[in-house]
Amino acid sequence: AQSVTQLGSHVSVSEGALVLLRCNYSSSVPPYLFWYVQYPNQGLQLLLKYTSAATLVKGINGFEAEFKKSETSFHLTKPSAHMSDAAEYFCAVSFNDMRFGAGTRLTVKP
Amino acid sequence: NAGVTQTPEFQVLKTGQSMTLQCAQDMNHEYMSWYRQDPGMGLRLIHYSVGAGITDQGEVPNGYNVSRSTTEDFPLRLLSAAPSQTSVYFCASRSGGGASNQPQHFGDGTRLSIL
């Protein structure tokens, strides 16, 4: 069975600072991994996905994630946070079905 | 470009009532799923379907029924509503019926309160 664990339910950064949101996965087969973002009172929007083509994946809004098999990690980063990045972020793993982590709420301080 | 459409947007029920949450997609996707979202717990899979006539249970199926008579529609039924089912419900779909690297597309959610 596949699962993901997101470390840190709440992350706070200053505008312009590095954003790092952590995700570790557990999978018995090569995983398909995703990051989604959810703005208040909205559905989930795909940020990026890993499908084994490249270990460094670039997504929308300047976000990227690196797949590290040795660490079973798929952390999400952005070099410089913007106020508009404030949202909840979910890591997910997929094979026959898709399972989500508990989410990390990102706050950006001016 | 409708994508995944959920109705209703909001609903209040009394304990013991039944209701159906509707979900429709216009992308001809084989795979559809239902999740519930609760604070601090992320999204938990209730039921999913890999094609018309085929459904399976997810992580938290108790108290919910589904059916998939057409490719487009995947309704979720609450048989006898309980306060523990107060949640935000999301429907999603993707192409590919089985194992797939395709992302899911989500609806805007149904906010359900049970008194």
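Residues numbered from 1 in each chain as written. Chains lettered and ligands numbered in written order. Predicted model: local features only at pLDDT ≥ 70, side-chain atom pairs only at ≥ 80, totals over all residues. Heavy atoms only, no water.

### Considering the overall build of chain A
For chain A, the helix and strand inventory stands at zero helices and eleven strands. Listing the helices and strands of chain A from first to last along the sequence gives β-β-β-β-β-β-β-β-β-β-β. For 110 residues, the compact-globule estimate of 2.2 N^0.38 gives 13 Å, and the C-alpha radius of gyration of chain A, at 13 Å, lies within 12% of that figure. When the backbone C-alpha atoms are referred to their principal axes, chain A occupies close to 40 × 25 × 20 Å. Within chain A, buried positions represent 45% of all 110 residues. Within chain A, contacts between residues separated by at least 24 positions form 55% of all contacts whose residues are at least 6 apart in sequence. As displayed, chain A offers around 5200 Å² of accessible surface, 52% of which is attributable to carbon and sulfur atoms. (Helix = DSSP H or I, 4+ residues; strand = E, 2+ residues; numbered from the N terminus. Rg over C-alpha atoms; globule rule 2.2 N^0.38 Å. Buried < 20%, exposed > 50% of the residue type's maximum accessible area, 1.4 Å probe, protein only. Contact = heavy atoms within 4.5 Å. Areas by Shrake-Rupley, 256 points an atom, 1.4 Å probe, with all protein chains shown as cover.)

### Description of the sheet that holds strand β6 (residues 56-58) of chain A
Residues and elements named next belong to chain A. Strand order across the open sheet formed by five strands is β1-β3-β8-β7-β6, with antiparallel pairing between neighbours. With partners counted over all chains shown, the strands left at the sheet margins are β1 (3-7) and β6, one partner each. When the angles between neighbouring strand axes are averaged without regard to direction, this sheet yields 20°. As paired elements, strand β3 (residues 19-26) and strand β8 (residues 73-78) share four bridges and run antiparallel to each other. (Pairing = 2+ DSSP bridges. Axes fitted to C-alpha atoms, helices over the stretch in contact; angles between N-to-C directions.)

### Notes on the sheet that holds strand β1 (residues 4-7) of chain B
Residue and element names in this part refer to chain B. As summarised here, the arrangement of the four strands in space is β1-β3-β8-β7, forming an open sheet in which the pairing is antiparallel. Of all strands in the sheet, those bounded by a partner on one side alone are β1 and β7 (64-66). Between one strand and the next, the sheet's axes are offset by a mean angle of 20°, whatever the strand orientation. Sheet topology places β7 next to strand β8 (residues 76-78); three bridges connect them, and they run antiparallel. Within β8, the residue paired with Asn65 across the bridge is Arg77.

### Some points on the interface of chain B and chain A
How big an interface is tends to be stated in terms of the accessible area lost upon association of its parts. Contacts between the two partners involve 23 residues from chain B and, on the opposite side, 22 residues from chain A. In this assembly, chain B packs against chain A so that about 1700 Å² is buried in total across both faces, 53% of it on carbon and sulfur atoms. In terms of surface lost to chain A, no three residues of chain B exceed Leu43, Asn101 and Phe106 of chain B, which account for 26% of the buried area on that side. At the boundary of chain B and chain A, one finds one salt bridge. Two residues, Arg99 of chain A and Glu59 of chain B, come together in a salt bridge whose shortest N-O distance is 3.8 Å. Between chain B and chain A we count six residue pairs in polar contact (both at pLDDT 80 or more) in total. Here the element with the most residues in the side of chain B that touches chain A is strand β5 (residues 42-51) of chain B; it accounts for four residues. The class makeup of the residues in the side of chain B that touches chain A is ten nonpolar, nine polar and four charged. (Buried area = accessible area lost by both parts, 1.4 Å probe. Salt bridge = Lys/Arg side-chain N within 4 Å of Asp/Glu carboxyl O. Polar contact = N/O pair within 3.5 Å; in protein donor to acceptor, adjacent residues only side chain to side chain. Nonpolar A, V, L, I, M, F, W, Y, C, P; charged D, E, K, R; others polar.)

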